[in-house]
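# Analysis of the macromolecular model
Each chain is listed here by its residues.
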Amino acid sequence: NTVQIAPEAFLLKGFLLGQSEALLQSLSNVIAANPLRHMATPNGYQMSAAMTNCGEWGWVSDEKGYRYSRRDPVTNELWQPMPIPFVQLAISAASTAGFDHFIPDACLINRYAVSAAMSLHQDKDEANFTQPIVSFSLGLPATFDFGGATRDAPKVAVYLEHGDVLVWGGQSRLNYHGVRRIKPGVHPLLGPYRYNLTFRRSQP
Ligand code: MD5
Ligand code: FE
């Protein structure tokens, strides 16, 4: 059940549903090693989503800026390797959307509590824009705003539910996007949270 939402941007509805048990077990292992935390932003705020990472590189933010780091600044250890179910599903989702040879080296985990949001932004901290981005949605639903190449370009609202995957690449890779405030609710497996796992190639 693949829906194209823009050039080279696809929604894979329910793609994770068959594998959710392995996925959630792996997710809980990663979070136990590298706890979710609210990172500071360079302009003195805190992200409303709590974050952690797994993979060779992790995306971090602090008063100095955004970057990819091999080590977790909280534990000072390397991030955990990406669990096999994460890698398999990410590669298979990319290939379903027409992107072969996707080799992610970074997986950012975002946990949104009720009322958390992510304002309109571009993902441009990576050194490789030829590879797509694969994003898993788990837990509470969210409305995702998918925009264009400029901040004021028209946006399409995409409803994301537990088990859905978004794949973006090519001419949509640098499009503006954001997540609207999460509405109150409780997910049967994940409680009052939305989790988003975003797989990227951060290095050349
Ligand atoms: C989320 N997370 O649902 C979103 C999904 C982030 C972030 O935006 O940066 O952690 S990622 C969806 C995405 C990725 C790359 C490009 C585009 C969308 N896009 O061009 O719209 O928590
Ligand atoms: Fe983003």
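Quick note: structure is the one above.
So, a few notes on the structure that sits alongside this text. (Residues numbered from 1 in each chain as written. Chains lettered and ligands numbered in written order. Predicted model: local features only at pLDDT ≥ 70, side-chain atom pairs only at ≥ 80, totals over all residues. Heavy atoms only, no water.)

The next point concerns the packing of aromatic side chains. Tallied over the entire structure, the rule returns six aromatic pairs. Judged by centre distance (5.2 Å) and plane angle (55°), the rings of F144 and W168 are tilted. You can see F144 sitting in strand 9 (residues 142-146) and its partner W168 sitting in strand 11 (residues 165-168), a full 24 residues away along the chain. By the burial criterion, F144 is buried, and W168 matches it. (Phe/Tyr/Trp six-rings, centres within 6.5 Å; stacked < 30°, edge-to-face > 60°. Helix = DSSP H or I, 4+ residues; strand = E, 2+ residues; numbered from the N terminus. Buried < 20%, exposed > 50% of the residue type's maximum accessible area, 1.4 Å probe, protein only.)

Glancing now at the sheet that holds strand 9. Strand order in this open sheet of four strands is 7-12-9-10, and the pairing throughout is antiparallel. Two strands bound the open sheet, and with one partner strand each, they are strand 7 (118-121) and strand 10 (156-160). Going across the sheet, the axis of each strand differs from the next one's by a mean of 15°, ignoring polarity. Here strand 9 pairs with strand 10 via five bridges, running antiparallel. The residue of strand 10 that forms the bridge with T143 is Y159. (Pairing = 2+ DSSP bridges. Axes fitted to C-alpha atoms, helices over the stretch in contact; angles between N-to-C directions.)

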